[in-house]
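# Summary of structural features
Here is what each chain is made of, one letter per residue.
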Amino acid sequence: MLHADPIHRSLLVSTRNAHKVEEIREILGSRFLISDLSGFPGFPEVEETGSTFHENAAIKALAASARFEGWVIADDSGLEVDALNGAPGVRSARFSGESATDASNRTLLLEKLLSVRGQARSARFRCVIALARDGKVLANFSGSVEGVIIPQEKGAGGFGYDSLFVPEGYCETFAQLGADIKNTLSHRARALSELKNWPHWDRP
Ligand code: IMP
């Protein structure tokens, strides 16, 4: 007997970052119906005051869960560069200042690594996803991917630092590899794989 695709679970992603939402939708597939805050222009910008990915993911998930019913997730992610003692880390989005853009952040990163060569340019992307419901964080899922920062941008796909990051085992940046490959091995894919396998989805 054929079974229909089992559960369609609605998840609100506490973000307006269209790139993150697109990746989350692609990675989670058809079992999850994904919406995000772009449909709620009146929802205030959430200040990320935490000093860890876990804290900021919880802040964003709880802010949305206080206002909306049902399952909410928040992704806090960033790039840790070993030669910069883990920077930009939780400040990845605002690395080059409060009016930072992805392009200005990449320019600053390249400047800071000008004198750093070869394997000393090692880095990783990290992602923490907080899952909340009824104003409480119920679980956290995390993932990371190791790689190096190359000296000049390559590739036009992706977002953020994708055009500077070559994941371990590959010769091209995330921006060159494209979504199909990135979404199988990225920090976000690894965290979301844990989320898919969370054993308590069926709890009432
Ligand atoms: P958040 O909104 O505070 O989680 O900031 C995440 C920032 O980290 C983004 O604005 C990017 O600069 C960077 N980042 C996170 N994930 C990725 C990714 O998958 N590719 C490239 N940059 C990323």
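Residues numbered from 1 in each chain as written. Predicted model: local features only at pLDDT ≥ 70, side-chain atom pairs only at ≥ 80, totals over all residues. Heavy atoms only, no water.

## So, the packing of helix H1 (residues 18-28) against helix H4 (residues 174-185)
Here H1 crosses H4 at 65°, and the two axes come no closer than 10 Å. Here H1 lies roughly perpendicular to H4, going by the angle between them. As for the relative orientation of H1 and H4, their crossing is right-handed in sense. Seen from H1, the contacting residues are Glu-23, Glu-26 and Ile-27; seen from H4, they are Ala-179, Lys-182 and Asn-183. Looking at the contact of H1 with H4 residue by residue, the class counts come to two nonpolar, one polar and three charged. (Axes fitted to C-alpha atoms, helices over the stretch in contact; angles between N-to-C directions. Helix = DSSP H or I, 4+ residues; strand = E, 2+ residues; numbered from the N terminus. Parallel < 35°, antiparallel > 145°, perpendicular 65-115°, else oblique. Left-handed = near helix turned anticlockwise from the far one by under 90°. Contact = heavy atoms within 4.5 Å. Nonpolar A, V, L, I, M, F, W, Y, C, P; charged D, E, K, R; others polar.)

## Here's the deal with the site of the ligand
In the region of the ligand, 17 residues are neighbours, and Lys-20, Glu-48, Asp-162, Lys-182 and Arg-188 sit closest. Side-chain polar atom of Glu-48 to an oxygen atom of the ligand: 2.9 Å apart, as the coordinates give it. Between a nitrogen atom of the ligand and a side-chain N or O atom of His-187, the distance comes to 3.1 Å. Surface burial for the ligand is 94%, taken as the share of its 490 Å² of free accessible area covered by protein chains. A total of four residues in the shell around the ligand trace back to one element, the largest contributor, which is strand S3 (residues 71-81). Grouping the amino acids of the shell around the ligand by side-chain chemistry returns four nonpolar, five polar and eight charged. (Near = heavy atom within 4 Å. Polar contact = N/O pair within 3.5 Å; in protein donor to acceptor, adjacent residues only side chain to side chain. Areas by Shrake-Rupley, 256 points an atom, 1.4 Å probe, with all protein chains shown as cover.)

## Quick look at the pairing of strand S5 (residues 136-149)
Pairing of strand S4 (residues 122-133) with S5 involves 12 bridges; the strand directions are antiparallel. Each residue of the ladder has a partner; that of Val-128, found in S5, is Ser-142. If you look at the hairpin formed by S4 and S5, you'll find two residues sitting between the two strands, and Asp-134 has a positive phi there, around 50°. Sheet analysis places S5 next to strand S6 (residues 165-167), joined by three bridges and oriented antiparallel. Pairing of Ile-149 across the sheet is with Phe-165, part of S6. (Pairing = 2+ DSSP bridges.)

## Some thoughts on the confidence of the model for the protein
When pLDDT is averaged along the protein, the result is 95, and 96% of the positions lie at 70 or above. Contacts of residues 1-5 to residues separated by more than four positions or lying in other chains number two contacts, the stretch itself having pLDDT below 50. (pLDDT = per-residue confidence, 0-100.)

## Section: the packing of aromatic side chains
Applying the stated rule across the entire model yields nine aromatic pairs. Seen in terms of ring centroids, Phe-40 and Phe-68 are 4.6 Å apart; in terms of plane orientation they differ by 55°. Their pairing is tilted. Of the two residues, Phe-40 is situated in the loop between strand S2 (32-36) and helix H2 (53-65) and Phe-68 in the loop between H2 and S3; the sequence distance between them amounts to 28 residues. By relative accessible area, Phe-40 is classed as partly exposed at 35%. With 5.9 Å between their ring centres and 85° between their planes, Trp-71 and Trp-198 make a pair best called edge-to-face. Note that Trp-71 is positioned in strand S3 and Trp-198 in the segment after helix H5 (187-196), a separation of 127 residues in sequence. Take Trp-71: its relative accessible area is 9%, and that puts it in the buried class. Counting every residue linked through ring pairs, the aromatic cluster contains Phe-32, Trp-71, Trp-198 and Trp-201. It is Arg-133 that lies over the ring of Trp-71; its NZ or CZ is 4.6 Å from the centre. (Phe/Tyr/Trp six-rings, centres within 6.5 Å; stacked < 30°, edge-to-face > 60°. Buried < 20%, exposed > 50% of the residue type's maximum accessible area, 1.4 Å probe, protein only. Lys NZ or Arg CZ within 6 Å of the ring centre and 35° of its normal.)

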